[in-house]
Amino acid sequence: MEMRGGGGLGVAAGGVVDVNTALREALKTALIHGGLVRGIRAAAKAVDKRQAHLCALASNCNDPMQVRLAEHQINLIKVDANKKLGEWVGLCKIDSEGKPRKVVGCSCVVVKDYGKESQAKDVIEEYFKCKK
């Protein structure tokens, strides 16, 4: 039986994972475990209820609600484009070759529950410790 796809973290030989790869894996795990909120309005509600651990915001988002996200001092990571963020959180179709098709953009994603302990979660937490 042949295993295909990106089941691992994409860890280099030295064991170092960059923040974007770790974020992608953490979002995938949270999606599987039902701890992900997609969209700016739903994200703002989760942040207001103090349920959010992490927020990923697309840089090309200019919604006035993002100010509300910033005032709660939540861990915030900017992603290059909303299409990329949408692909990471499963807002796309996967074709027979494993390539994403019909990607829907997503302006904001909030992680309410990481699902399980992982190296990706540790890398993200270490990133925020160093950032402060």
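Residues numbered from 1 in each chain as written. Predicted model: local features only at pLDDT ≥ 70, side-chain atom pairs only at ≥ 80, totals over all residues. Heavy atoms only, no water.

## Some details on the pairing of strand β6 (residues 108-111)
And then number 1: Neither face of β6 is exposed, since Cys 108 and Val 110 on one face and Val 109 and Val 111 on the opposite face are all buried.
And then number 2: Across three bridges, the pairing between strand β1 (residues 36-38) and β6 is antiparallel. In the strand pairing of β6, Val 37 is matched with Val 110.
And then number 3: Across four bridges, the pairing between strand β2 (residues 54-58) and β6 is antiparallel. Across the sheet, Cys 55 pairs through a bridge with Val 110, a residue of β6. (Buried < 20%, exposed > 50% of the residue type's maximum accessible area, 1.4 Å probe, protein only. Helix = DSSP H or I, 4+ residues; strand = E, 2+ residues; numbered from the N terminus. Pairing = 2+ DSSP bridges.)

## Considerations on helix α1 (residues 19-32)
And then number 1: Here α1 spans 20 Å end to end across 14 residues, near enough to the 20 Å set by a 1.5 Å rise per residue.
And then number 2: Those residues of α1 lying buried are Ala 22, Leu 23, Glu 25, Ala 26, Leu 27, Thr 29 and Ala 30.
And then number 3: Looking at the buried residues of α1, the elements they touch are β1, β2, β3 (76-79), α4 (82-88), β6 and α5 (119-131).
And then number 4: Immediately beyond the C-terminal end of α1, within one or two residues, lies Gly 34, with a positive phi of roughly 75°. (Expected span 1.5 Å × (residues − 1). Contact = heavy atoms within 4.5 Å.)

Bear in mind that shape data such as this cannot, by itself, settle questions of function.
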